[in-house]
Amino acid sequence: MPDASQALLIKDEQLMETDGWIFLDKEATEYPGAGLIVLPLLLWVEKREQLLVRGDCAVWLDSEQEPEPLLADLEQLPMIAINFPVFSDGRAYSYARRLRQLGYKGEVRAIGDVLPDQLHYMSRCGFDAFELRGDTSTEAAFLQKSSISVAYQAAQDQPKPLFARREQ
Amino acid sequence: MYVYDHYDHTLVSERVEQYRDQTNRYLAGEISEAEFLPIRLQNGLYIQRLAPMLRIAIPYGMLSSRQLHALADISCKYDKGYGHFSTRQNMQLNWPKLEEVPDILAELAKVEMHAIQTSGNCIRNTTTDQFAGVAADEFEDPRPYCELIRQWSTLHPEFAFLPRKFKIAVCASEQDRAAVHVHDIGLRLKHNEAGETGFEVLVGGGLGRTPVIGSTICEFLPRKHLLSYLDSVLRVYNQLGRRDNKYKARIKILVRALGVDTFREKVDQEFELLKDGEMTVPDSEFERMKSFFTAPDYETLNAEESTQLLERQASENKAFRNWLRRNIQPHKQPGYAAVTLSLKPTGIAPGDATDEQMHAVAELADKYSFAELRVSHEQNLILADVRQSDLFKLWEDARAIGLATPNIGLMTDMICCPGGDFCSLANAKSIPIAESIQRRFDDLDYLHDIGELDLNISGCMNACGHHHVGHIGILGVDKKGKEFYQVQLGGSSDTDASLGNVLGPSFSQEQLPDVMDTIINTYVELRSDEELFIDTYRRVGLAPFKERVYA
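Computed from a predicted model, the values in this text were never measured in an experiment.

### Digging into the sheet that holds strand β18 (residues 472-479) of chain B
Residues and elements named next belong to chain B.
1) Next: Strands sit in the order β16-β17-β18-β19-β20 across an open sheet of five strands; the sheet is mixed. Whereas interior strands pair on both sides, the edge strands pair on one side only; in this sheet they are β16 (415-416) and β20 (501-502).
2) Next: The pairing of β16 with strand β17 (residues 455-458) spans two bridges and is parallel. In the sheet register, Ile415 faces β17, and the bridge partner there is Asn456.

### Some points on the interface of chain B and chain A
1) Next: Contacts between the two partners involve 33 residues from chain B, matched on the other side by 33 residues from chain A.
2) Next: Those elements giving two or more residues to the side of chain B that touches chain A turn out to be α1 (6-27), α2 (33-41), α5 (143-153), α6 (226-240) and α9 (283-290) of chain B.
3) Next: Per-element accounting of the side of chain B that touches chain A gives the leading share, nine residues, to α1(B).
4) Next: The residue makeup of the side of chain B that touches chain A, split by class, is 13 nonpolar, nine polar and eleven charged.

### Some words on the packing of α5(B) against α9(B)
Residue and element names in this part refer to chain B.
1) Next: Viewed as axis vectors pointing N to C, α5 and α9 meet at an angle of 110°, and their least axial separation amounts to 8 Å. By the angle between their axes, α5 is roughly perpendicular relative to α9. Residue-level inspection shows Pro144, Glu147 and Leu148 of α5 in contact with α9, the latter providing Phe286, Met289 and Lys290.
2) Next: Considering only residue class, the contact of α5 with α9 consists of four nonpolar, no polar and two charged.

### Some words on the sheet that holds strand β2 (residues 14-16) of chain A
Residues and elements named next belong to chain A.
1) Next: What the eight strands build is an open sheet, ordered β2-β1-β8-β7-β6-β5-β4-β3; its pairing is mixed. Each of the sheet's edge strands pairs with one partner strand only, and the pair in question is β2 and β3 (22-23).
2) Next: Note: strand β1 (residues 8-11) against strand β8 (residues 129-132), four bridges, orientation antiparallel. Looking at the pairing, Lys11 lines up with Ala129 of β8.

### Quick word on the nonpolar core
Within soluble globular proteins, side chains that are nonpolar tend to cluster in buried spots.
1) Next: Counting 208 residues, the largest nonpolar core has A:Val59, A:Ile80, A:Ile82, B:Val361 and B:Leu383 as the members making the most contacts within it.
2) Next: Here this core takes eight residues from α6(B), the largest share from any one element.
3) Next: Not counting residues up to four positions away in its chain, the partners in contact with A:Val59 are A:Val38, A:Leu39, A:Leu41, A:Trp44, A:Leu70, A:Leu77 and A:Ile80.

### Describing unusual backbone geometry
Residues and elements named next belong to chain B.
1) Next: Although it is not a glycine, Gln89 adopts a positive phi angle of roughly 65°.
2) Next: Relative to the assigned elements, Gln89 resides in the loop between β4 (82-85) and β5 (91-93).
3) Next: The phi torsion at Phe370 lies on the positive side, around 55°, for a residue other than glycine.
4) Next: Its place among the elements puts Phe370 in the loop between α12 (355-368) and β14 (372-375).
5) Next: Taking the C-beta count within 10 Å as the criterion, Phe370 has 18 such neighbours and is therefore assigned partly exposed.

Cut-offs used in this document
- Residues numbered from 1 in each chain as written.
- Chains lettered and ligands numbered in written order.
- Predicted model: local features only at pLDDT ≥ 70, side-chain atom pairs only at ≥ 80, totals over all residues.
- Pairing = 2+ DSSP bridges.
- Helix = DSSP H or I, 4+ residues; strand = E, 2+ residues; numbered from the N terminus.
- Contact = placed C-beta atoms within 7 Å.
- Nonpolar A, V, L, I, M, F, W, Y, C, P; charged D, E, K, R; others polar.
- Axes fitted to C-alpha atoms, helices over the stretch in contact; angles between N-to-C directions.
- Parallel < 35°, antiparallel > 145°, perpendicular 65-115°, else oblique.
- Core = buried A, V, L, I, M, F, W, Y, C linked by C-beta atoms within 7 Å.
- Buried ≥ 20, exposed ≤ 12 C-beta atoms within 10 Å, placed from the backbone.

Dropping the structure here:
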């Protein structure tokens with residue numbers, strides 16, 4: 001897990017320092033009884049029933065963990081975070097896009113090695129919150145996020161592909 | 001050909017400015033080397049042995065004369081006055097400056113060109129038949145589908161960080177001139193019994209270290225599902241392809257590891273979610289795409305007269321006759337022909353053209369072929385719509401600029417990667433090998449007698465020169481710091497694709513011309529009548545060649 005305390009958070013198009021979620025380690029076997037916690041997938045799967053009752057827990061996936069075990073609970077989960085162990089590991093783009101296509105309405109947060117130059121594709125795939133390294137140029141991040149205004153493909157930000165929007 | 005509208009223009013211009021900002025941040029030290037790597041690669045910039053290399057996209061090989069003029073100007077202004085046409089139907093500049101690349105991209109954008117996704121672990125330029133739209137054996141023109149795929153794949157947000165590069169090829173005729181069996185995805189356009197258009201989908205073909213012939217995962221995909229099905233295949237690959245070892249990261253390894261049937265099931269699962277969704281392509285979009293690729297304004301010609309004229313000209317001039325025999329393709333339209341300008345004269349790196357040649361070819365396209373031309377994956381240039389009655393004049397003009405070598409499909413029309421002279425991956429040089437073989441086989445009569453023969457040369461096992469699918473393939477290998485060459489026989493990238501078999505221990509550069517001589521002599525002795533090299537090989541096998549070469 002990257003050190004979230006040093007991170008910047010862009011969420012709802014706003015820059016903020018943190019919003020209170022506490023991420024537990026991937027190997028964690030226990031969790032605090034109260035507070036906004038984000039559990040690693042395996043712990044969530046193990047304690048799912050108790051955690052669902054509690055109602056204030058989120059889950060984070062590592063890049064090799066497909067979101068399948070969460071599909072039954074999409075309506076209950078307020079946030080799903082997906083980790084980029086390295087920015088060039090592109091699996092999370094497909095996970096995020098699939099979660100959205102399956103109807104997930106909560107927050108999808110990019111964590112880990114998240115770079116300004118990736119925010120455009122990430123938001124198109126359905127990420128809507130981004131934890132960036134503390135030393136990231138936020139100016140660059142916002143600039144890159146909106147750098148390209150045309151999209152050929154259907155995606156989260158633009159549900160119709162260009163061929164359905166072009167003037168005939 | 002396709003014409004940009006304001007959306008396409010905006011996208012390409014914004015991409016240039018985005019990359020300009022990224023280059024500036026990199027030069028200012030705000031982006032690390034590792035973080036800049038995929039950014040520059042996906043804008044076409046690759047760092048080679050001696051300098052950066054910029055690979056400019058030529059979508060499915062189509063160029064207007066205006067674009068070729070621009071490429072010539074760019075080669076002159078930003079490079080050393082020549083460009084290299086590649087096996088991906090693209091053009092590479094070997095000496096651009098990193099800090100000038102945004103300016104080059106801006107100049108390209110003015111003529112509706114770019115270098116997007118020509119390198120890096122993303123979906124690359126889609127390739128097709130260089131005779132698309134004019135080939136006599138074509139079911140349908142593949143280019144509208146290629147353009148649709150180009151747009152779908154351009155800046156696709158989900159697939160910019162794949163495990164490895166990803167190449168798609170489309171063919172739409174009985175004879176496969178796009179090598180669809182050796183691509184990550186190969187699409188074979190066909191019509192079903194009801195006359196509807198669809199595609200046979202092959203996956204997991206490829207060359208490189210582990211050459212594989214692709215497997216069919218869908219016999220007939222109705223065309224409206226083309227993009228959602230491609231999304232499904234790419235998604236399975238993006239999620240499950242190996243990322244721990246770049247030599248095992250191509251989709252062919254995943255398909256092999258899972259087995260074709262399991263892979264197909266996984267694709268079908270994703271397709272369940274995406275099928276009939278928003279990426280389903282309506283007929284109106286196919287019609288719109290087709291409207292860009294209508295036949296040019298052909299004249300109604302008397303084919304019989306044109307043929308008689310040609311026969312007379314050919315009987316009077318042997319050199320012209322040779323050129324007609326090799327460099328002309330039959331055409332759908334009576335009285336017209338498709339002409340291949342050979343970029344394989346002896347002594348020039350295969351696929352290279354100078355800026356003067358590019359300007360001159362652009363002028364030939366204006367004069368003889370409706371101001372359009374194509375780049376073939378065999379690294380030649382094609383004028384696709386020439387009146388047969390103009391062929392003699394065109395031949396004279398092409399000869400004047402050194403582009404009328406009558407060797408298309410022959411042994412000296414070889415596919416060759418840039419090799420150790422330029423590429424930092426290469427184990428061995430490939431251009432001098434090509435040249436030494438061209439010099440040995442410089443007798444045109446003999447060359448024509450040997451007949452059609454694909455000779456493919458790669459400087460390393462990454463196989464950019466497609467050596468696995470050459471009838472004769474040559475692979476550069478490193479043996480204790482010395483350059484050696486392995487020879488393979490029996491590959492083919494045609495409809496009946498096959499991978500070559502290694503002849504035996506490798507040879508030094510000096511030995512190679514003699515080895516080629518022995519192989520060709522063996523073939524000439526063993527062939528029956530008009531039998532081509534590949535057919536003789538398939539009949540007699542490796543043994544007779546091996547015996548003679550290692551005798």
